[in-house]
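# Close look at the chain arrangement
Each chain, letter by letter, is given below.
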Amino acid sequence: MVRHRAFRDPSVLLGAIRDLIPAHTYFSTAYYQEPTAAMEEKGWKGADLVFDIDADHLDTPCKPSHDKWKCKACGTVGNGGAPRICPKCKNDRMEEQTWLCDQCLRQAKEETTKLLEILYSDLGVEPSNLRIFFSGHRGYHVHVYSTQLQVMGEEERREIASYVLGQALDPQLHELNEVNVGGVKVIEGPQLGQPGWRGRMVEGIYDVLSEEGERLGLSPAQVKTIKTQDRDEFFKRPFWSSVKGFGLSTWKNLSVKAVDRRSAKIDTVVTTDVHRLIRLPGTLNGHTGLLTMQVPRERLDEFDPFRDSLAFHGEMRVRVKDAPQFRLAERQFGPYLNEEVELPSYAAMLLLCKRRAEPVI
Ligand SMILES: [Zn+2]
Ligand SMILES: [Zn+2]
């Protein structure tokens, strides 16, 4: 690792990258008086507020089909995302073999969209002070550049992360309550269109009630009630008090699920860190050979990471050990098992970077 470097202008940086040919290039989100000094002598002036959304932290249903893990201590293996500790020996050192997939990246983009909405409408971030980047692997980064926010310490950043995640949000502190109206117990709650988590909580209720009731922890009678409701009618009026058999504890439970649905699944560690190193936009990600690149806000919807971030031209011959089926540009590749193939260079580079193939010379 080469660290603590500073460059006066982009051409010098480019020269250094060409000399070193690093597999991964990061820059510091922090601003320092003396960037090249030792860590404790740099003179921290502030740091951009950054968010990382990565499929590693998302619970997508496709993971068991493309990710594997192995416990470094006892060798236990499994499909899907690695558990925090090994179920057999309780060790926390895991080796992961991940893959890129459309569904995981669509989910990551959806989380990014939710994050942007919260930043704009609740935290007053100006769209012109924000940039979105594809990480070149399994997610997106959002950088906020603001002189007011730059000076925040870890505690303040942790609060923002926690707000975005809707952590420990108590629906009863957001107007969900049981009141006594002339001897009758009535449930009251926030309304659609209210700012912040209140309106978002109501929107989330709409989302979760479209799911199977059994998965929501509802009783068979409650599931039946929901299924027979006219959806449009249901949301036209204050619905909290109008659903038969739904008391405060049911609504509380559904509200917590609604908040989870509407929260943006960011990596708290990245946002909280005031000395964070983050992938330099415009460089190749050594895990994939794909470009880490800015995605203009207005193009986020249509942005296709498997088409728009390809960097290599030409063809290459590789010997593939094993690889699942995957898509790049408009082409499908694989699955491959112990075979020699001629591929477009961007596909060959992905397999080489993922250590699923060897070059054939
Ligand atoms: Zn183990
Ligand atoms: Zn996936």
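Criteria and thresholds
Residues numbered from 1 in each chain as written. Chains lettered and ligands numbered in written order. Predicted model: local features only at pLDDT ≥ 70, side-chain atom pairs only at ≥ 80, totals over all residues. Heavy atoms only, no water. Helix = DSSP H or I, 4+ residues; strand = E, 2+ residues; numbered from the N terminus. Buried < 20%, exposed > 50% of the residue type's maximum accessible area, 1.4 Å probe, protein only. Contact = heavy atoms within 4.5 Å. Areas by Shrake-Rupley, 256 points an atom, 1.4 Å probe, with all protein chains shown as cover. Donors = N, O, S within 2.8 Å, 3.2 Å for Na, K, Ca; no water. Tetrahedral: all angles 85-135°; square planar, octahedral: opposite > 155°, others 65-115°. Phe/Tyr/Trp six-rings, centres within 6.5 Å; stacked < 30°, edge-to-face > 60°. Lys NZ or Arg CZ within 6 Å of the ring centre and 35° of its normal. Axes fitted to C-alpha atoms, helices over the stretch in contact; angles between N-to-C directions. Parallel < 35°, antiparallel > 145°, perpendicular 65-115°, else oblique. Nonpolar A, V, L, I, M, F, W, Y, C, P; charged D, E, K, R; others polar. Domains from an automatic or database assignment. Buried area = accessible area lost by both parts, 1.4 Å probe. Salt bridge = Lys/Arg side-chain N within 4 Å of Asp/Glu carboxyl O. Pairing = 2+ DSSP bridges.

Below, the discussion takes up the overall build of the protein chain. A count of helical and extended segments in the protein chain gives twelve helices and 18 strands. The principal-axis extents of the C-alpha atoms in the protein chain amount to approximately 85 × 55 × 45 Å. Residues counted as buried form 42% of the 361 residues belonging to the protein chain. Residue pairs in contact within the protein chain that sit at least 24 positions apart in sequence constitute 62% of those at least 6 positions apart. Total accessible area on the protein chain stands at roughly 19,700 Å², and carbon and sulfur atoms take up 50% of it.

Turning to the coordination of the zinc ion (ligand 1), a few remarks are in order. In the first shell of the zinc ion (ligand 1), the protein supplies Cys 71 (SG), Cys 74 (SG), Cys 86 (SG) and Cys 89 (SG), at 2.3 Å from the metal. Here the zinc ion (ligand 1) binds four donor atoms, and the angle range of 105 to 112° at the metal identifies the geometry as tetrahedral. Within one chain, the residues serving as donors to the zinc ion (ligand 1) are arranged as C-x2-C-x11-C-x2-C. Since its relative accessible area comes to 36%, Cys 74 is described here as partly exposed.

Let us now look at the packing of aromatic side chains. Aromatic ring pairs: the centre-centre distance and the angle between the two ring planes describe each pair. Per the stated rule, a full pass over the model turns up eleven aromatic pairs. When the ring of Phe 239 is compared with that of Trp 251, the centres are 5.4 Å apart and the planes differ by 50°; the resulting orientation is tilted. Residue Phe 239 is located in the loop between helix H8 (231–236) and helix H9 (248–262), and its partner Trp 251 is located in helix H9; the two are separated by twelve residues in the primary sequence. Phe 239 sits in the buried class, given a relative accessible area of 4%. Taken together through their ring pairs, the aromatic side chains of Trp 99, Phe 326, Phe 333 and Tyr 346 make up a single cluster. Against the face of Trp 197 rests Arg 200, its NZ or CZ located 4.9 Å from the ring centre.

Another point: the packing of helix H6 (residues 196–209) against H9. Remark: H6 packs on H9, axes separated minimally by 7 Å, with the N-to-C direction vectors making an angle of 100°. As summarised for this structure, H6 and H9 are arranged roughly perpendicular, according to the angle between their axes. Packed against H6, whose contacting residues are Trp 197, Arg 200, Met 201, Glu 203, Gly 204, Ile 205, Asp 207, Val 208 and Leu 209, the element H9 presents Trp 251, Leu 254, Ser 255, Lys 257, Ala 258, Val 259, Arg 261 and Arg 262 at the interface. Grouping the constituent residues of the contact of H6 with H9 by class yields nine nonpolar, two polar and six charged.

On to the domain arrangement of the protein chain. Per the domain assignment, the segments of the protein chain are domain 1 (10–58 + 101–166 + 265–299), domain 2 (171–262) and domain 3 (312–361). On a C-alpha basis, the centroid separation for the pair domain 1 and domain 3 is 29 Å. Between domain 1 and domain 3, the contact holds seven residues from the first and six residues from the second. Across the interface of domain 1 and domain 3, roughly 550 Å² is buried in total on both sides, 55% from carbon and sulfur atoms. Applying the counting rule to domain 1 against domain 3 returns one salt bridge.

Spatially, the four strands line up as an open sheet ordered S4-S9-S8-S13, and their pairing is antiparallel. Strands at the two margins of the open sheet, each flanked by one partner only, are strand S4 (49–54) and strand S13 (293–294). Alignment of strand S8 (residues 130–134) against S13, held across two bridges, turns out to be antiparallel. Note on S13: the bridge partner recorded for Phe 133 is Gln 294. Its contacts with the sheet place helix H3 (residues 102–121) against S4, S8 and strand S9 (139–144), and it is angled at close to 20° to S9.

With that settled, consider the sheet that holds strand S18 (residues 357–359). Taken in spatial order, the three strands of this open sheet run S17-S14-S18, and their pairing is antiparallel. Sheet topology places strand S17 (336–344) and S18 at the edges, where each strand pairs with a single neighbour. Pairs of neighbouring strands in the sheet enclose a mean axial angle of 25°, with direction left out of account. When strand S14 (residues 315–323) meets S17, the two strands line up antiparallel, connected through eight bridges.

Another point: the pattern of salt bridges. Side chains that differ in charge, positive against negative, can pair when their charged atoms come close. Per the stated rule, a full pass over the model turns up 18 salt bridges. Between Lys 114 and Glu 111 there is a salt bridge, with its nearest N and O atoms 3.2 Å apart. Here the residue Lys 114 and the residue Glu 111 both occupy positions in helix H3, the gap between them amounting to three residues, near one helical turn. Between Asp 308 and Arg 307 there is a salt bridge; the shortest N-O distance is 2.7 Å. On the accessibility criterion, Asp 308 (22% relative accessible area) is partly exposed.

A word on the pairing of S4. With six of six residues buried, S4 lies mostly within the body of the structure. Burial of S4 is two-sided: the residues Leu 49, Phe 51 and Ile 53 facing one way and the residues Val 50, Asp 52 and Asp 54 facing the other way are all buried. Looking at chain direction, S4 and S9 are connected through six bridges and run antiparallel. When the bridges of S9 are listed, Phe 51 appears paired with Val 142.

Next up on the list: the pairing of S14. Of the strand pairs in this sheet, S14 and S18 are connected by three bridges, and their pairing is antiparallel. Note on S18: the bridge partner recorded for Val 320 is Ala 357.

The subject of this paragraph is the environment of Ala 221. Its location among the elements puts Ala 221 in helix H7 (residues 220–228). Of the residues examined, Ala 221 reaches a relative accessible area of 53% and is grouped as exposed. Between the alpha carbons of Ala 221 and Trp 44 there is a distance of 59 Å; along the sequence they are 177 residues apart.

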